[in-house]
Amino acid sequence: MSHKRIPKRKAAMAVGGVVALGAAAILLPNANASQDGASDGVAAAPKTLKAGDASDLATRLAGTLGDAYAGAWYDGEDKQLVVNVVRGENTMALKVRSAGAEVRWVDNSMTELEAGAGTLKSEATIPGTSWAVDPRTNKILVTADSTVTGDKWDQLESTVENLGSGMATLKKSAGTFRTFASGGDAIFAGGARCSLGFNVTAGDGSPAFLTAGHCAAAGDQWSDQQGGEPIATVDQALFPGAGDFALLTYDDPATEAPSEVNVGGQTVPIVQAAEATVGQQVFRMGSTTGLADGQVLGLNATVNYPEGTVTGLIQTDVCAEPGDSGGSLFTQDGLAIGLTSGGSGDCTVGGETFFQPVTTALEAVGATLGDGGAGAGGQAGGQEQGAGQDAGDGEAGADGQAGAGDQDGAGDQADGQDAGTGQDGAGGQDGTGTGSGRHSGQDSGLSRTH
């Protein structure tokens, strides 16, 4: 009889410590893809959709509409997909309505918006800035952190103004863009800590997991205990550039790596990876701050970190702090959306956060996620919520700016982290501790934070 060993303390490091979304939230019934029973006629009311189905529909319509398509977003209150159609494209609008989405007339085409983003890249790639297309305003949302002042601010402001009226919105952030390194129920390398994101199956069939690419700067071998024996080795990593992700393979090929996330004594099955949709409600698990929820604000975001520019990210209003890097972004119905990259602010005042899309990370490293790679891990048939995984597959991590050296002295994980309680103040990039006990109370399941 074969024996599958679950690495000590990280009982399979359940899918990157899925945020505690409150048990009640997990069990909420999902809206059917089409509940109104309307025909496909032009006059049909918009269909009621789950967020994942809305994302699929948006992708199909983008291909169908061509230049008439100017983005889409999910109306979570009405559970409908809203599609921007360039003003005057009446025939394309009929196709949108026929498909079951709501039409919104706009002036800026996606081609024009992407050209504007290209101008920002060539003329205003300044550390501490970011930009992403916001389909709800039909503009490019440009954000500058607190380090962008003086001539740099003037350069950015001038570039935005030259894009033309109605093309972009410039916003000032009180925080500083950084990768969220240090803290949490963690994986360790070279004195640094990072969070595990999602368990996956590598291309050769071996068990592996995803985390943030900037974490790989700390070392090739990672442990589930500070100073402990390595359990996983970096196979591939990217940061900065066209993403922020890393694939680590478990050193023991018998390691059980179920496709699920821990929510404080219960687990949420992760069914598959999915594309994000603007307006979609998402949940983030971080070992420093626990569960947080919010909305997707933009796609294909560009962020200019001090270490370099990263493209293709998801922008959200979900809070995060040092120690949350690499952690998982997902939906209540088990869709893996992203890996925590960085941002600004904290979970007291809020801020901007950016995530590596899971879909592009999987494609790049040749791994799979979901039912195909799920282990037993306490999941009955992979459908019912299990119990007993370690809370908050932590993160923290090597920071690309200072490397592992900045993380030296990170606090040891406290015994009893199965209850989701505290790390002893790991030193963050900005000196922020990990907040001992931030996870207390997560056993109650997924509880929304705002």
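Residues numbered from 1 in each chain as written. Predicted model: local features only at pLDDT ≥ 70, side-chain atom pairs only at ≥ 80, totals over all residues. Heavy atoms only, no water.

Digging into the pattern of salt bridges
Oppositely charged side chains may form a pair once their charged atoms are brought near each other. Counted by the stated rule, this structure contains four salt bridges. Note that Asp 134 and Arg 136 form a salt bridge whose closest N and O atoms lie 3.9 Å from each other. You can call Asp 134 buried: its relative accessible area is 12%. Glu 352 is the salt-bridge partner of Lys 171, the closest N and O atoms lying 3.1 Å from each other. Placement of Lys 171 in strand E7 (residues 168-172) and of Glu 352 in the loop between strand E23 (335-343) and strand E24 (353-357) is noted, with a sequence separation of 181 residues between them. We classify Lys 171 as partly exposed; its relative accessible area is 36%. (Salt bridge = Lys/Arg side-chain N within 4 Å of Asp/Glu carboxyl O. Buried < 20%, exposed > 50% of the residue type's maximum accessible area, 1.4 Å probe, protein only. Helix = DSSP H or I, 4+ residues; strand = E, 2+ residues; numbered from the N terminus.)

Here's the deal with the confidence of the model for the chain
Per-residue confidence for the chain gives a mean pLDDT of 76; residues scoring 70 or more make up 70%. Helix H6 (residues 358-365) holds the highest mean pLDDT among the elements of the chain, 98, whereas helix H1 (residues 23-26) holds the lowest, 35. Considering only residues more than four positions removed or in separate chains, one finds that residues 181-185, a stretch of pLDDT under 50, has 54 contacts. Counting interchain partners and residues more than four positions distant, the pLDDT-below-50 stretch residues 372-445 has 247 contacts. (pLDDT = per-residue confidence, 0-100. Contact = heavy atoms within 4.5 Å.)

Here we look at H6
Among all positions of H6, only Val 358, Thr 359, Ala 361, Leu 362 and Val 365 are buried. Seen from one end, H6 has its buried residues packed into an arc of 165 degrees, which puts them on one side. A positive backbone phi angle near 75 degrees is found at Gly 366, which sits one or two residues after H6. (Arc of directions from axis to C-beta.)

Things to note about the packing of helix H2 (residues 51-65) against helix H3 (residues 90-99)
Between H2 and H3, whose axes approach to 11 Å, the crossing angle comes to 155 degrees. When the axes of H2 and H3 are compared, the pair comes out roughly antiparallel. Between H2 and H3 lies a crossing whose hand is right-handed. Facing H2, whose interface residues are Leu 57, Leu 61, Thr 64 and Leu 65, H3 presents Met 92, Lys 95, Val 96 and Ala 99. Considered class by class, the residues forming the contact of H2 with H3 number six nonpolar, one polar and one charged. (Axes fitted to C-alpha atoms, helices over the stretch in contact; angles between N-to-C directions. Parallel < 35°, antiparallel > 145°, perpendicular 65-115°, else oblique. Left-handed = near helix turned anticlockwise from the far one by under 90°. Nonpolar A, V, L, I, M, F, W, Y, C, P; charged D, E, K, R; others polar.)

Re the layout of surface pockets
Which parts of space are left empty comes out when a probe the size of a water molecule is rolled across the atoms. Taken as a whole, the largest pocket encloses approximately 750 Å³ of empty space. Taken together, the elements giving at least two residues each to the lining of the largest pocket come down to H2, strand E2 (69-75), helix H4 (110-123), strand E5 (129-134), strand E20 (290-305), strand E21 (308-316) and H6. For the lining of the largest pocket, the class distribution of residues is 19 nonpolar, 10 polar and two charged. (1 Å grid on protein atoms, 1.4 Å probe; cavity = no way out; pocket = protein on both sides within 12 Å on 5 of 7 lines; lining within 4 Å. Points joined across faces, edges and corners; volume = space filled by probe spheres on them.)

Points about the side chain of Ser 173
Mapped onto the elements of the fold, Ser 173 is located in the loop between E7 and strand E8 (178-179). At 3.3 Å, the side chain of Ser 173 and the backbone nitrogen of Gly 175 are in polar contact. A polar contact is formed between the side chain of Ser 173 and the side chain of Ser 344, at a distance of 3.0 Å. With residues near it in sequence (within four places) discarded, Ser 173 still touches Thr 143, Ala 144, Asp 145, Ser 146, Ser 344 and Glu 352. (Polar contact = N/O pair within 3.5 Å; in protein donor to acceptor, adjacent residues only side chain to side chain.)

What about the environment of Leu 49?
Tracing the backbone shows Leu 49 in the loop between H1 and H2. Distance from Leu 49 to Gln 80, taken between C-alpha atoms, is 5.7 Å for residues 31 residues apart in sequence.

So, the pairing of strand E14 (residues 230-238)
Within a regular strand, side chains alternate between the sheet's two faces. The pairing of strand E13 (residues 221-223) with E14 spans three bridges and is antiparallel. Looking at E14, one finds that Trp 222 is bridged to Ala 232. Counting the residues in the hairpin turn of E13 and E14 gives six residues, including Gly 227, whose phi is positive at 80 degrees. Pairing of E14 with strand E15 (residues 245-250) involves six bridges; the strand directions are antiparallel. When the sheet's bridge partners are listed, Thr 233 is paired in E15 with Thr 249. What sits between the antiparallel neighbours E14 and E15 is a turn of six residues, in which Gly 241 has the positive phi angle 125 degrees. (Pairing = 2+ DSSP bridges.)

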